[in-house]
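Commentary on secondary and tertiary structure
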Amino acid sequence: MKINTEVLHAEQMHDPVTGSHVSPLYQTSTFVLPNFDDAVYLNQNIDKGFVYSRFANPTVDELEKKIAYLEHAEAALGLSSGLGAISTAIMSVIKGGDHVIFGDVIYGCTFALFTKILPLFNVEYTIVDTTKPEALAAAIKPNTTLVYVETPSNPTLKVSDIAAIAEIVRQHKDITMIVDSTFASPYLQNPLDLGADLVVHSATKYLCGHGTVTAGVIAGDKKRIDRCRMPYLQCFGAVLDPFAAWQIMQGMKTLAVRMERHCENALKVAQYLESHPKVDKVYYPGLPSHPSHATAKKQMRGFGGMMSVDVKGGMDAVRTVMNNVKVFSLATSLGNVDSLIQHSPSMSHFDMTAEERHAVSIFDGQVRLSVGIEDAEDLIADLEQALALI
Ligand SMILES: *Cc1c(COP(=O)(O)O)cnc(C)c1O
């Protein structure tokens, strides 16, 4: 099957009891077990049946199978947020005394996990520009156990060469490579095919697509996913609610058509903004001017719906634009069907210091756009009138 068919039909369950076309929502915390001996067995073999929704739930299970299918993975795990997925995946592969390597431009709360929390558990880190695989190779130490790559990266859309990094990582048997592929969604790239060990998504974003839930997913080989589930998710408890999983599945039915329109609209908006006199710079990998354009072209099936924009006039100009847009909503998050605008330095990346942000081109006069599936002409007209007020 090709992708438009896959997103609709892969692992699609029709209720065998009632014939319900849309799969039922199993909104339950626990399951009635047939007898004492089965209860003992199932509690110790949670992939043989359902016992308790912190371990597994049929609705979440259906979503997990769909994600595994779309990411070409053996297995997947649903969690209550992107950070739930990221922290669970990371904790499942590291221990005290380890060294981790991660990219210099990553989601702000992931950055905080590495720099504020993991050092409390004696996990040291090196930050590298993951668009330069040779810099990553040079940072590997004997105790390195994790290479963490976000691509395209939030918010400056740096694209790292997953296959090139995986080739380096593969020479060290104790290192796990995790890729945060949130900005791409499974529609635009499949990191496991390129050699990553685990892929994580904030399903809050493109997978759901409608801004109705927070959720996350991890996909990879069965052994790694089993370990993420038991004991990590079991003990940390960032469990995905069945209703949230059910909503994501409804959203995912239109993933392919949504992503096509996101890509098409974002390119038009990026091209318009790049030639605007009040704009300094547009960070969109679909533009030949973006340093990651070639890598994105090689690795991705499209350039996505996200971009950042340096507005001339710094924070005051940004305030004017953000206070006056009418079609874009002033809101953090991304990947919704409707367009959003946010200020990365003070919103998604407030966990970094000003020096840390400026060193990686997250400037105070920068806005991040999540370009939705409206008519591109309306989005451009909205930005035009807001920029005119500066
Ligand atoms: C939003 C986001 C996250 C965090 O996801 P939540 O669902 O908000 O926990 C992680 N990585 C990236 C790239 C994101 O954009």
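Positions within a chain are numbered from 1, following the residues in the order the chain's sequence is written. The predicted origin of the model limits local features to residues at a pLDDT of at least 70 and limits the giving and counting of side-chain atom pairs to 80 or more, whereas totals for whole chains, interfaces and linings rest on all residues. The side-chain quantities take in all heavy atoms of the structure and omit both hydrogens and water.

1. Re the sheet that holds strand 8 (residues 279–283)
We apply this condition: Two strands pair under a simple rule: DSSP has to find at least two bridges between them. Only DSSP runs of H or I with at least four residues qualify as helices, and only runs of E with at least two residues qualify as strands; both kinds are numbered from the N terminus onward. Note on definitions: a residue-residue contact is assigned when non-hydrogen atoms from the two residues lie within 4.5 Å. All axes here are fitted lines through C-alpha atoms, helices being fitted over the stretch that makes contact, and every angle between N-to-C directions spans 0 to 180 degrees.
Strand order in the open sheet formed by five strands is 8-9-12-11-10, and the pairing between neighbours is mixed. Each edge of the sheet is formed by a strand with only one pairing partner; in this case those strands are strand 8 and strand 10 (329–330). Of the pairings in the sheet, the one linking strand 8 to strand 9 (residues 306–311) comprises four bridges and is antiparallel in character. Looking across to strand 9, one finds that Val 282 is bridged to Val 309. Strand contacts of helix 11 (residues 255–274): strand 8, strand 9 and strand 12 (366–370), with the helix running at about 15° to strand 9, the strand carrying the most contacts.

2. Some remarks on the domain arrangement of the protein
This is how it is decided: In this document the domain limits rely on a domain assignment from an automatic tool or a database. Accessible-area loss on putting two parts together, using a 1.4 Å probe and summing over both, is the definition of buried area adopted here.
For the protein, the assigned domains are domain 1 (3–252) and domain 2 (256–387). Centre-to-centre, using C-alpha coordinates, domain 1 lies 26 Å away from domain 2. Each partner contributes to the interface: domain 1 provides 43 residues, whereas domain 2 provides 39 residues. Of the roughly 3,200 Å² buried where domain 1 meets domain 2, counting both sides, 59% is carbon and sulfur surface.

3. As for the pairing of strand 12
Put simply, the rule reads: Here's how the labels work: a residue is buried when its accessible area is under 20% of the maximum for its type, exposed when over 50%, partly exposed in between, all with a 1.4 Å probe on protein chains only.
With five of its five residues buried, strand 12 lies for the most part within the structure. The alternating pattern of strand 12 places Gln 366, Arg 368 and Ser 370 on one face and Val 367 and Leu 369 on the opposite face, and all of these are buried. In this structure, strand 9 lies alongside strand 12, joined through five bridges in antiparallel fashion. The residue of strand 12 that forms the bridge with Met 306 is Ser 370. In the sheet, strand 11 (residues 340–342) pairs with strand 12 via three bridges, with the strands oriented antiparallel. Following the sheet pairing, Leu 340 is matched in strand 12 by Ser 370.

4. Notes on the packing of aromatic side chains
Heads up, the rule is: When two rings of Phe, Tyr or Trp (its six-membered ring) have centres within 6.5 Å they constitute a pair, described as stacked for plane angles under 30 degrees, edge-to-face for angles over 60, and tilted for the intermediate range. Lysine and arginine charges are scored as sitting over a ring when NZ or CZ, respectively, is within 6 Å of the ring centre and within 35 degrees of the ring normal.
Following the criterion strictly, the structure yields eight aromatic pairs and no others. The interplanar angle of 75° and the centroid separation of 5.8 Å between the aromatic rings of Tyr 52 and Phe 55 together place this pair among those described as edge-to-face. For Tyr 52, a relative accessible area of 35% puts it in the partly exposed group. Taking relative accessible area as the criterion, Phe 55 reaches 12% and is therefore assigned buried. Over the face of the ring belonging to Tyr 107 we find Lys 205, whose NZ or CZ atom lies 5.4 Å from the ring centre.

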